[in-house]
Amino acid sequence: MSTPWIVGLDDPAAADAALVGGKGAGLRRLVALDARVPTGFVVSTSAFAAATDGADDLEASLRDVGPDTPVDVLEQAAGRARAALLDASRSGLVLEAVREAYTALVGPDTRVAVRSSAVGEDAAGASFAGEHDTYLEIRGPDAVADAVARCWASLYTARAVSYRQRAGGDAGAMAVVVQEMVTARAAGVFMTLNPANGDRSTVVCEAVWGLGEPLVSGEVTPDRFVLDKISGEILRREIAVKPTRMTRTDGRPGTVVVDVPPEDRDRPCLDDAELAELLAVARRVERDAGTPQDGEFAVADPGGPSHIHLLQTRPETVWSTRAPRSATGGTGAGSALSAVLATLTRTTRQEGSDHGG
């Protein structure tokens, strides 16, 4: 299933970041590695261009906005740009193609994640990953099409506009990834070096029960595991008390936070076999990329190594540009990985009718 507007993750064309954005191209690399990746497709930058073709100047309201513009004025100007983009994109053939692609791929009732995939995002030097929107547990063709349009519009949030002003870039083009949601027993992040000290001989994993959005947004304290990249030994376990988890709602789209059963709150949310599989996957991804990686994963019910799905990976941007070093002290305390990834992967969560697994 591939057209100029809709590109399947198994299509070699999905390796072109100019067509599918950074996140889409990263997923294509994982598919090419035979990693376990949720079913999905990319709404291409060509689709974005077609959906907004003929629209009035989308950035007209931003002409007089600068680095010193008051926040409330910036919010108003960005809001006008967002509204103009939504008005231009919500009618026409492009979003109808999105509806058809969703129904053909996963059926009319399957829940999906809809994730922005900007051109240049998730590149080795791109620290702006997470500046744009993600919507989780979306169901139905109309809701998916609406979420795609809102991802496009997130080019013009005040946060994104402010970042581009500081970075000296323009809005560019936006692709959008649509992927089937994993019914997550647990989810988390990994990094193929230790973010506390840059030690490349370790892989650090952090995870929580349920969906991973509260972890990557920095809202919860996760379990943390430090693994030796060579021997596979678990060098350190830090098991947090996890009183709540995010999960899908019953019978309607969206997510909800629920209590974790008392007997599971201080139990590790990843077992040794799952950690061994994550280590093997992380090593393979890093070896293929040739540079340290960070990524997100979900462990589908009922758990186990064969139920681990990769949701995305990207080049690590803090330590990987420095000379490699080994750890001479401890492995770091707290949740340094969460702090790094919260900056890189901020997401917007949609509940009901308003994004990891």
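Because the structure is a prediction, the values reported are computed rather than measured.

S.K.: An account of the overall build of the chain is requested, with residue identities and associated values reported.
M.R.: Assigned secondary structure in the chain consists of 9 helices and 13 strands. In the chain, which comprises 357 residues, the proportion classed as buried is 55%.

S.K.: Explain the sheet that holds strand E3 (residues 111-118) to me, and be specific about the residues and the numbers.
M.R.: Strand order in the open sheet formed by 5 strands is E1-E2-E5-E3-E4, with antiparallel pairing between adjacent strands. The outermost strands of the open sheet, each flanked by one partner alone, are strand E1 (6-8) and strand E4 (134-139). Strand-to-strand twist across the sheet, computed as the mean angle between neighbouring axes with direction ignored, equals 25°. Bridge count between E3 and strand E5 (residues 174-180): 7 bridges; the pairing is antiparallel.

S.K.: How would you sum up the nonpolar core? Please name residues and give values.
M.R.: The biggest cluster of nonpolar side chains holds 41 residues, and the ones touching the most others in it are Val43, Val114, Val148 and Trp152. Take this core: its biggest share by element is 8 residues, from helix H5 (residues 141-153). Setting aside anything within four residues of it in sequence, one finds Val43 in contact with Trp5, Ile6, Val98, Val148, Trp152, Ala175, Val176 and Val178. Among the nonpolar cores identified, the runner-up in size contains 34 residues, and Leu227, Val260, Ala282 and Leu310 belong to it.

S.K.: Provide a residue-level description of the pattern of salt bridges, including the pertinent values.
M.R.: Taken as a whole and judged by the stated rule, the model has 16 salt bridges. For Arg111, the salt bridge goes to Glu137, with nearest N and O atoms at 3.5 Å. Of the two residues, Arg111 sits in strand E3 while Glu137 sits in strand E4, which places them 26 residues apart along the sequence. Both residues of the pair, Arg111 and Glu137, count as buried. A salt bridge links Arg248 to Glu137; the shortest N-O distance between them is 3.3 Å. Of this pair, Arg248 sits in strand E10 (residues 244-248) while Glu137 sits in strand E4, and the two are 111 residues apart along the sequence.

S.K.: Lay out the packing of helix H3 (residues 71-89) against helix H6 (residues 158-167) with the relevant residues and their values.
M.R.: Between H3 and H6, whose axes approach to 9 Å, the crossing angle comes to 105°. Comparing the axis directions of H3 and H6 gives the class roughly perpendicular. Contact residues: Leu74, Glu75, Ala78 and Arg82 in H3; Ala158, Val161 and Ser162 in H6. Per-class residue counts for the contact of H3 with H6 are 4 nonpolar, 1 polar and 2 charged.

S.K.: Before we move on, can you summarise the packing of aromatic side chains with the specific residues and values?
M.R.: Scanning the entire structure with this criterion turns up 1 aromatic pair. On the numbers, 5.9 Å between centres and 70° between planes, the contact of Phe48 with Trp152 is edge-to-face. Placement of the pair is Phe48 in helix H2 (residues 45-52) and Trp152 in helix H5, with a sequence separation of 104 residues. By the burial criterion, Phe48 is buried, and Trp152 matches it.

S.K.: Go over the environment of Gln312 with me, naming the residues and quoting the values.
M.R.: By the secondary structure assignment, Gln312 is in strand E13 (residues 308-315). With relative accessibility at 3%, the residue Gln312 sits in the buried group. Gln312 sits 288 residues away from Gly24 along the chain, and the two C-alpha atoms are 8.7 Å apart.

Analysis parameters
Here, residues in each chain are numbered from 1, in the same order as that chain's written sequence. Local features in a predicted model are, by the rule used here, given only for residues with pLDDT of at least 70; side-chain atom pairs are given and counted only at 80 or more, and totals for whole chains, interfaces and linings are based on all residues. In computing side-chain properties, one takes all heavy atoms of the structure into account and sets aside hydrogens as well as water. A helix here means a DSSP run of H or I that spans at least four residues, while a strand means a run of E at least two residues long, and both kinds are numbered starting from the N terminus. Using a 1.4 Å probe on the protein chains alone, a residue whose accessible area is under 20% of its type maximum counts as buried, one over 50% counts as exposed, and one in between counts as partly exposed. Only when DSSP finds a minimum of two bridges between them are two strands counted as paired. For helices, the fitted line uses only the C-alpha atoms of the stretch in contact; every axis is such a line through C-alpha atoms, and the angle between N-to-C directions lies from 0 to 180 degrees. Only buried residues count toward a nonpolar core, which is a set of Ala, Val, Leu, Ile, Met, Phe, Trp, Tyr and Cys residues joined through side-chain atoms within 4.5 Å. Here, residues are in contact when the closest pair of their heavy atoms is within 4.5 Å. When a carboxyl oxygen of Asp or Glu lies within 4 Å of a side-chain nitrogen of Lys or Arg, that pair is called a salt bridge. Orientation categories follow fixed angle ranges, with anything under 35 degrees roughly parallel, anything over 145 roughly antiparallel, 65 to 115 roughly perpendicular, and all other angles oblique. Three classes are used, and their members are as follows: Ala, Val, Leu, Ile, Met, Phe, Trp, Tyr, Cys and Pro are nonpolar, Asp, Glu, Lys and Arg are charged, and the others, Gly among them, are polar. Here the aromatic set is Phe, Tyr and Trp, taking the six-membered ring for Trp, and pairing holds for ring centres within 6.5 Å; pairs whose planes are under 30 degrees apart are stacked, those over 60 apart are edge-to-face, and all others are tilted.

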